[in-house]
Amino acid sequence: MRYLCDVCERLAPPASFRVELGVLVMTCARCGNESRARPEEALQGAVTQAQEPVPPLQQRLTPVPVLKVVALRPSDEQVRGAAAVARSEDPFAVPPGFCPKCIAARREGAESCASCGLVYANFIPEEQRPSEALQAAWLAVLGRWDDRDAHDRLLSLAVGRGELAMAGRLYRIRLAQAPEDLYAQRGRDEVVRLASASPVGFAPKAQGGLSSRTQLVAAILLFLFLLVSALLIFRQFRLMFGRP
């Protein structure tokens, strides 16, 4: 099987392929780009030729049939449906039936998540809230959901702010709301790819304000302790040598 990569425009067999939710995902052997596609009925001509007798010379000259693929893009109805969902639901809230932390499916009657171990009663929503900058960027993307450049700008912002993991969470929330959303699938896959290329950008951004203040207070207390200890030692020496 050969296909045309939409990035390097090379017609060649894929380096690897897999099926996700009924969608064929092929990895280009040259540039590593992943293309999502569905098989088109392109081998019908080859089957017809196989049913008819072909002279030996023509058999040697007959080219190998190439499997055509057509990139899957959401229809206008899917795009309008995605916008309607974004307007009707809180875009930062995890839908019912999913773990509020890792967004895995919740087991009925379970008190904790089997994937991340979270006890649902102890969940604090503020701990999983994106920054104001990322919230504004996500709302802008929801308004232009079919614009790939808008998704790329969101991911660039997330990498720069160290919030790539939070961007992945937003795409997983979107997939929980609309599992067949191809743009959300692409965003999730891009987060994984960027995290693999730059693990530092995937780590949550550390909150250094409280830690720095604590270190400063500890340093001041240590200095005062050493100063008092030095004065006491000096006074002890004066008493030992008979000086008042």
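Scope of this entry: the structure provided in the associated data block. Owing to the predicted nature of the structure, the values given are computational and were not obtained by experimental measurement. (Residues numbered from 1 in each chain as written. Predicted model: local features only at pLDDT ≥ 70, side-chain atom pairs only at ≥ 80, totals over all residues. Heavy atoms only, no water.)

1. Notes on helix α5 (residues 148-161)
Then, number 1: Spanning 14 residues, α5 covers 20 Å between terminal C-alpha atoms, matching the ideal 20 Å at 1.5 Å per step.
Then, number 2: Every buried residue of α5 is accounted for by A150, H151, L154, L155 and A158. Relative to the axis of α5, the buried residues are bounded by an arc of 140° and lie together on one face. Opposite the buried face of α5, by more than 90 degrees, sit the exposed residues S156 and G160.
Then, number 3: Elements that come into contact with the buried residues of α5 comprise α4 (132-143), α6 (164-177) and α7 (182-197).
Then, number 4: With a side-chain oxygen lying 3.0 Å from the backbone nitrogen of D149, the N-terminal cap of α5 falls on D147.
Then, number 5: Where α5 terminates, the next one or two residues include G162, which has phi positive at roughly 70°. (Helix = DSSP H or I, 4+ residues; strand = E, 2+ residues; numbered from the N terminus. Expected span 1.5 Å × (residues − 1). Buried < 20%, exposed > 50% of the residue type's maximum accessible area, 1.4 Å probe, protein only. Arc of directions from axis to C-beta. Contact = heavy atoms within 4.5 Å. Polar contact = N/O pair within 3.5 Å; in protein donor to acceptor, adjacent residues only side chain to side chain.)

2. Observations concerning the pattern of salt bridges
Then, number 1: If you walk through the whole model with that rule in mind, you get 6 salt bridges.
Then, number 2: Of the charged contacts in the structure, one is a salt bridge between E190 and R193, with a shortest N-O distance of 2.9 Å. Linking E190 with R193, this pair stays in helix α7, spanning 3 residues, or about one helical turn.
Then, number 3: Its relative accessible area of 45% is what places R193 among the partly exposed residues. (Salt bridge = Lys/Arg side-chain N within 4 Å of Asp/Glu carboxyl O.)

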